[in-house]
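Coordinates in review
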Amino acid sequence: MSKINKDYIIETLEYLKSLEIYNVAIMLLASVGNADDNYDNTYLSFDELCEVIKELTLMKVEGKMPVSLDIVSTGESLCPWEIYLPLKHLGMEKYITEWKSEKFDTTLEDDEFGCTAGKDSLCIDGYGNVFGCSLMVSMHELIAGNTKRESLVDIWNNSHIFNEMRRNKLCSVEGPCSNCNLLHSCKSGCRACAYARTKKLNGSDMRCPLSNS
Ligand code: SF4
Ligand code: SF4
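What counts, and at which threshold
- Residues numbered from 1 in each chain as written.
- Chains lettered and ligands numbered in written order.
- Predicted model: local features only at pLDDT ≥ 70, side-chain atom pairs only at ≥ 80, totals over all residues.
- Helix = DSSP H or I, 4+ residues; strand = E, 2+ residues; numbered from the N terminus.
- Rg over C-alpha atoms; globule rule 2.2 N^0.38 Å.
- Buried ≥ 20, exposed ≤ 12 C-beta atoms within 10 Å, placed from the backbone.
- Contact = placed C-beta atoms within 7 Å.
- Axes fitted to C-alpha atoms, helices over the stretch in contact; angles between N-to-C directions.
- Parallel < 35°, antiparallel > 145°, perpendicular 65-115°, else oblique.
- Nonpolar A, V, L, I, M, F, W, Y, C, P; charged D, E, K, R; others polar.
- Pairing = 2+ DSSP bridges.
- Arc of directions from axis to C-beta.
- Near = placed C-beta within 6 Å.
- Core = buried A, V, L, I, M, F, W, Y, C linked by C-beta atoms within 7 Å.

Considerations on the overall build of the protein
Counting its regular elements, the protein contains nine helices and five strands. Ordering the α and β elements of the protein from the N terminus gives α-β-α-α-α-β-α-β-β-β-α-α-α-α. Computed over the C-alpha atoms, the radius of gyration of the protein is 18 Å, within 12% of the 17 Å expected from 2.2 N^0.38 for a compact globule of 213 residues. Expressed along its principal axes, the backbone C-alpha trace of the protein runs to roughly 50 × 40 × 35 Å. Here the protein holds 213 residues, and the buried ones make up 32% of them. Expressed as a percentage of contacts within the protein between residues at least 6 apart in sequence, the contacts between residues at least 24 apart total 62%.

Structure representation (structure tokens):
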């Protein structure tokens, strides 16, 4: 979801249904790579995000959604700010269950960032560079190793970047998230987005409206 496609989401879902595609997931634009470079032109304002979340949520509640739609939040949490804050602003918090199930399963501990990068997941680019997550591939300082030079097992076990990702806990978050009373339920958004904007793996997800208030 971005400023560019926000007005075409329903149309796109209808089109996908016409192609017999019934399960669809969309994600709020991550502020990495070109999206970070063009942040002001691409990133939804909070009012725009509220508008989109309201429309999609009401369609779900009223049974009018053409496909089975999921909004993938960039951090693993039962209360991702991308969905929860707009619903709260609209007085529609109770509808968070339309998007996030209490049966949501996570391997993460309570004090962990809501990020699986380097813990449960990795990504390898076309050059053999290994990252914790595909959203990190534009940030070469987050390369954990290269499969042309090292074994993937060694990279997984010994990379200092992966070890830093594993060591990072919510209690070490820096910036606005550190003072947020939603920290343990939201889990501080996306680490790749936080890093792109703050250059710190324990920085705050600056896309969040509470980080900017
Ligand atoms: S300020 Fe941080 S912890 Fe609070 S809702 Fe936003 S991303 Fe989550
Ligand atoms: S960087 Fe972490 S939080 Fe962000 S999308 Fe990747 S796994 Fe999720």
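Don't stop here, the text continues.
Section: the packing of helix α4 (residues 46-61) against helix α5 (residues 81-89)
For any two helices packed against each other, the geometry is given by the interaxial angle and the distance between the axes. Two elements in contact, α4 and α5, have axes separated by 9 Å at closest approach and are oriented at 90 degrees. If you check the angle between α4 and α5, you find them roughly perpendicular. Across the interface between the two elements, Leu49, Cys50, Ile53 and Thr57 of α4 pack against Ile83, Pro86, Leu87 and His89 of α5. Across the contact of α4 with α5, the residue classes tally to six nonpolar, two polar and no charged.

A few points about the sheet that holds strand β5 (residues 145-146)
The strand order β3-β4-β5 describes an open sheet built from three strands, whose pairing is antiparallel. In this open sheet, the two edge strands, each paired with only one partner strand, are β3 (123-124) and β5. Relative to β5, strand β4 (residues 129-131) runs antiparallel, the two sharing two bridges. The residue bridging valine 130 from the neighbouring strand is glycine 145, located in β5.

Regarding helix α7 (residues 160-167)
For α7, every residue scored as buried is listed here: Ile161, Phe162 and Met165. One side of α7 carries all its buried residues, which in axial view fall inside an arc of 100 degrees. Exposed side of α7, more than 90 degrees from the buried face: His160 and Arg167 are the residues found there.

Some remarks on the site of ligand 1
Near ligand 1 there are 14 residues, and of these Cys177, Cys180, Cys186, Cys208 and Leu210 occur at the shortest range. Taken together, the residues of the shell around ligand 1 break down into nine nonpolar, four polar and one charged.

Focus on the nonpolar core
Ala30, Phe131, Leu135, Met136, Cys190, Ala192 and Cys193 are the most contacted members of the largest nonpolar core, which totals 27 residues. The greatest single-element share of this core, amounting to five residues, is contributed by helix α9 (residues 191-198). With 14 residues, the next largest nonpolar core counts Trp81, Ile83, Tyr84 and Leu85 among its residues.

Comments concerning the environment of asparagine 179
For asparagine 179, the position within the fold is in the loop between α7 and α8 (183-186). Along the sequence, asparagine 179 and aspartate 110 sit 69 residues apart, while their C-alpha atoms lie 17 Å from each other.

Some words on unusual backbone geometry
At serine 188, a residue that is not glycine, the phi angle is positive and equals roughly 70 degrees. The topology assignment puts serine 188 in the loop between α8 and α9. One non-glycine residue with positive phi stands out, namely lysine 199, at about 65 degrees. Along the chain, the position of lysine 199 falls in the segment after α9. The exposed category is assigned to lysine 199, around which 10 C-beta atoms lie within 10 Å.

Structural measurements only, silent on function.
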